[in-house]
Amino acid sequence: QVQLVESGGGLVQPGGSLRLSCAASGSIFSLDARRWYRQAPGKARELVATITSGGTTNYADSAKGRFTISSDNAKNTVYLQMNSLKPEDTAVYYCNVKVRRWPTAALSDYWGQGTQVTVSS
């Protein structure tokens with residue numbers, strides 16, 4: 001079994017910064033694509049950022065220049081550094097990781113529990 005545990009959300013003023021973490025644990029062979037999504041009240045879940053196993057990153061237009069996705073393979077952890085936060089960034093943020101499970105390397109999709117980010121003065 002594999003678990004994803006998120007941390008780092010909270011309340012921040014506009015212009016502030018937060019760093020989200022998503023730690024994977026359990027029967028892991030390796031991690032493939034790692035993504036951060038967010039869902040604001042009354043809106044559909046949207047993809048914010050992606051990092052591949054090779055380190056290639058992609059961002060939603062709303063995140064470009066402000067958010068940075070990174071990964072520590074030794075710790076099986078993916079991060080989302082969010083700077084210059086705006087009220088419209090308020091949402092529940094979810095990590096999504098494609099995991100190759102030990103020992104078969106079978107690929108499965110896992111989600112974190114979600115962490116609330118609120119940007120407000």
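As the structure is a computational prediction, the values presented were derived from the model and not from experiment. (Residues numbered from 1 in each chain as written. Predicted model: local features only at pLDDT ≥ 70, side-chain atom pairs only at ≥ 80, totals over all residues. Heavy atoms only, no water.)

Trainee: Just give me the short version of the pattern of salt bridges, but keep the residues and values in it.
Mentor: Within the structure shown, the criterion is met by 6 salt bridges. Between arginine 66 and aspartate 89 there is a salt bridge, with the nearest N and O atoms lying 2.7 Å from each other. In this pair, arginine 66 sits in the loop between β6 (57-59) and β7 (67-72) while aspartate 89 sits in the loop between β8 (77-82) and β9 (91-101), placing the two residues 23 residues apart along the sequence. This pair shows no difference in class: arginine 66 is buried, exactly as aspartate 89 is. (Salt bridge = Lys/Arg side-chain N within 4 Å of Asp/Glu carboxyl O. Helix = DSSP H or I, 4+ residues; strand = E, 2+ residues; numbered from the N terminus. Buried < 20%, exposed > 50% of the residue type's maximum accessible area, 1.4 Å probe, protein only.)

Trainee: Residue-level account of unusual backbone geometry, with values.
Mentor: At the junction of tryptophan 102 and proline 103, the peptide bond is cis and its omega measures out at 0° in the coordinates. In the Ramachandran plot, alanine 105 falls in the positive-phi region, its phi being about 70° despite a non-glycine side chain. For alanine 105, the location among the structural elements is in the loop between β9 and β10 (106-111).

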